[in-house]
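Working through the structure, step by step
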Amino acid sequence: MNISNLFVYHLNQDDPKKCTALKLVRFGLVKKIDFRHIRRTSLVLNPLSTDILSKSDANILKFGLVVIDCSWKKGLNVFKKTFPGKNKRLPILQAGNPINYSKIFTLSSAEAIAASLFILGHRKESEFILSKFKWGNTFFQLNTQILDAYSRARDSDEIAKIEKEHYEKFL
């Protein structure tokens, strides 16, 4: 896996000192791009997509993984917009970051990238991404079992079943 295919479309809506995407950019792990540089062949993380990311999407990763970095408070408006690329949502996971600790549906951009890599079969790269954060291991502690299950699922239908079984009490 070449982690040079990781991109962030950063909307400057949060405190830059706390922004996980910008920290990954500073480390040279993610490239910052403009909207016009999002390729139609890229995998775009979009929490409002009805399509769930699964390992059947691994072939798309070679065209790039794009995270849209915005404030959760403004997210509904941001994701109403249509983004080029193959829009996929992550399956349900708990945030490990200190701002949204243990909340579902509120991952940081770094957590979203790491979760995507993990599900798509790139566990070491996933762990490397989150090793840049003091709380990075907390994300894995909260989600190891479910991430393992998601990464074994063949397709989005299987992931949807796992989500329902595991998170039914939260939904």
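This write-up is about the structure you can find in this document.

1. Some words on the environment of isoleucine 99
Inspection of the secondary structure puts isoleucine 99 in the loop between strand E5 (86-88) and helix H3 (109-119). It is 9.5 Å that separates the C-alpha atoms of isoleucine 99 and lysine 18, two residues lying 81 residues apart in sequence.

2. What to know about the pattern of salt bridges
In the structure shown here, the tally under the stated rule is six salt bridges. Across the pair aspartate 57 and lysine 88 runs a salt bridge whose closest N-O atoms are separated by 3.1 Å. Here the residue aspartate 57 occupies a position in the loop between strand E3 (43-45) and strand E4 (65-69), and lysine 88 occupies one in strand E5, the gap between them amounting to 31 residues. Taking relative accessible area as the criterion, lysine 88 reaches 14% and is therefore assigned buried. Arginine 154 is the salt-bridge partner of glutamate 158, the closest N and O atoms lying 2.6 Å from each other. A relative accessible area of 60% means that arginine 154 is categorised as exposed. Bridged by salt links that share partners, the residues Arg123, Glu127 and Asp148 form one connected network.

3. Structural notes on the pairing of strand E1 (residues 6-10)
Buried residues dominate E1, accounting for five of its five residues. Burial along E1 is two-sided: the residues Leu6, Val8 and His10 and Phe7 and Tyr9 are all buried. In the sheet, E1 pairs with E4 via five bridges, with the strands oriented parallel. Across the sheet, residue phenylalanine 7 finds its bridge partner in E4, namely valine 66.

Calculation rules
- Residues numbered from 1 in each chain as written.
- Predicted model: local features only at pLDDT ≥ 70, side-chain atom pairs only at ≥ 80, totals over all residues.
- Heavy atoms only, no water.
- Helix = DSSP H or I, 4+ residues; strand = E, 2+ residues; numbered from the N terminus.
- Salt bridge = Lys/Arg side-chain N within 4 Å of Asp/Glu carboxyl O.
- Buried < 20%, exposed > 50% of the residue type's maximum accessible area, 1.4 Å probe, protein only.
- Pairing = 2+ DSSP bridges.

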